[in-house]
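A look at the structure
The lines below spell out each chain.
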Amino acid sequence: MISMALSSVSLRDLALVQAVAREGSFNSAARAMYISPSGLSHQVQKVEQALGMPLFERGGRKVVPTTSGQRLLGYIEAVLGAAEHLEHAARAGDVAFGSELRLGVPSTLGPYLLPHFIEPFPLRFPGARLTISEGKPRGLLRRLHEGELDAVLAPPSAAITGLESTALFFEPYELLLQAGHALAGRRAIALTELDAADATLMAESHGNGVSDLGMPGAARPERIQDLSIESLATLVALRGGYTLVPILAHDRLGSIPNVVLAAVEGARPGRHIALYWRSATPWRDDLARFGNLLRELAGTIPGLDAAAA
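Below or above, wherever it landed, is the structure these notes cover. (Residues numbered from 1 in each chain as written. Predicted model: local features only at pLDDT ≥ 70, side-chain atom pairs only at ≥ 80, totals over all residues. Heavy atoms only, no water.)

Moving on: the packing of helix α2 (residues 11-23) against helix α3 (residues 26-33). A pair of packed helices is characterised by two quantities: the angle between their axes and the separation of those axes. Two numbers describe how α2 lies on α3: the axes approach to 8 Å, and their chain directions differ by 130°. In terms of orientation, α2 and α3 fall into the oblique class. Every pair of crossing elements has a handedness; the one defined by α2 and α3 is right-handed. For the pair formed by α2 and α3, the contact residues are R12, A15, L16, A19, V20, R22 and E23 on the first element and F26, S28, A29, A32 and M33 on the second. (Axes fitted to C-alpha atoms, helices over the stretch in contact; angles between N-to-C directions. Helix = DSSP H or I, 4+ residues; strand = E, 2+ residues; numbered from the N terminus. Parallel < 35°, antiparallel > 145°, perpendicular 65-115°, else oblique. Left-handed = near helix turned anticlockwise from the far one by under 90°. Contact = heavy atoms within 4.5 Å.)

Put into structure tokens, the structure is as follows:
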């Protein structure tokens with residue numbers, strides 16, 4: 001039996017509580033949830049009164065959950081997750097993904113991979129709509145965990161509670177050098193021939209950088225925040241040195257002035273891509289078929305190595 005006080009709490013109220021915990025600020029949560037700060041505060045107090053205890057410590061620079069609040073936030077997440085599954089199950093019918101797959105794709109992968117499966121997707125999943133969101137892998141996985149997305153393509157990461165994955169393919173990197181680089185005329189270059197200090201690598205997309213690639217020397221490459229692959233290539237064209245770029249971007253990057261591409265001789269740096277979903281998803285069978293489609297396509301794209309099913 002649910003008390004009268006708790007029965008008056010809506011799913012929206014619980015989502016507002018979750019937003020405050022996520023943002024650590026009533027003002028930030030209000031902006032994210034499109035509600036006034038006073039309105040949000042009132043709804044959170046309503047939930048606290050229904051539960052009979054405060055969920056947050058107020059007054060500091062950052063709003064943090066109380067000890068009891070931290071415990072109850074897990075239950076709130078479970079309630080919201082169950083409501084999402086109820087909605088999905090209700091609209092499932094005979095159409096894959098309940099008629100829509102909300103897919104997250106890294107911005108360094110999406111522009112180059114999407115053209116390969118946009119056309120076959122409706123043929124394999126008639127009636128299902130594909131909605132794409134781009135971003136950084138870490139942010140996309142967070143959105144997947146919070147129920148904003150149904151699946152995410154991303155490099156393998158540390159195990160995340162509540163998420164499962166299946167390997168899709170390995171994508172090698174190529175070298176992209178400024179046209180004036182001393183080795184720019186070569187078709188293939190060994191990483192041992194390059195100076196690590198001349199590399200420009202992206203913080204998230206390139207992992208731990210040259211230390212992952214076995215490059216000699218103690219020199220540290222310049223690290224920048226992730227941006228588009230085209231912007232990274234333009235940066236190298238203007239400032240010199242070299243970088244590593246995914247092979248799917250080869251054709252697009254070849255048209256950028258003052259840079260050249262070369263294969264990596266010997267070692268095969270690159271990134272593995274996996275498909276992630278929530279463990280409790282009602283679309284497990286559909287996602288398995290989607291993973292099979294992506295592996296099949298990877299087997300037909302030059303340069304990619306499809307993973308075993």
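This part covers the nonpolar core. With 44 residues, the main nonpolar core has F97, L101, L103, F117, L153 and F290 as its most contacted residues. When residues of this core are traced back to their parent elements, those giving at least two are β3 (100-106), α6 (110-117), β5 (151-154), β6 (163-178), α10 (229-239), β12 (270-278) and α12 (284-298). When residues of this core are assigned to their parent elements, the largest contribution, six residues, is made by α12. The contact partners of L153, leaving out residues within four places of it in the chain, are L103, G104, V105, P106, L109, L113, L168, I273, A274, L275 and L294. Counting residues in each nonpolar core, the second largest holds 22 residues, with M33, V47, L55 and F56 among its members. (Core = buried A, V, L, I, M, F, W, Y, C linked by side-chain atoms within 4.5 Å. Buried < 20%, exposed > 50% of the residue type's maximum accessible area, 1.4 Å probe, protein only.)

What follows is about the side chain of E48. Mapped onto the fold, E48 is located in helix α4 (residues 37-51). Look past the residues within four positions of E48 in its chain and what remains in contact with it is M53, P54, L55, F56 and R58.

Further remarks concern the packing of α2 against α4. It is the contact of α2 with α4, at a shortest axis distance of 9 Å, that shows an interaxial angle of 105°. The orientation of α2 with respect to α4, classified from their angle, is roughly perpendicular. On the side of α2, the interface is formed by D13, L14, L16, V17 and V20, while α4 contributes L40, Q43, V44, K46 and V47. Split by residue class, the contact of α2 with α4 holds seven nonpolar, one polar and two charged. (Nonpolar A, V, L, I, M, F, W, Y, C, P; charged D, E, K, R; others polar.)

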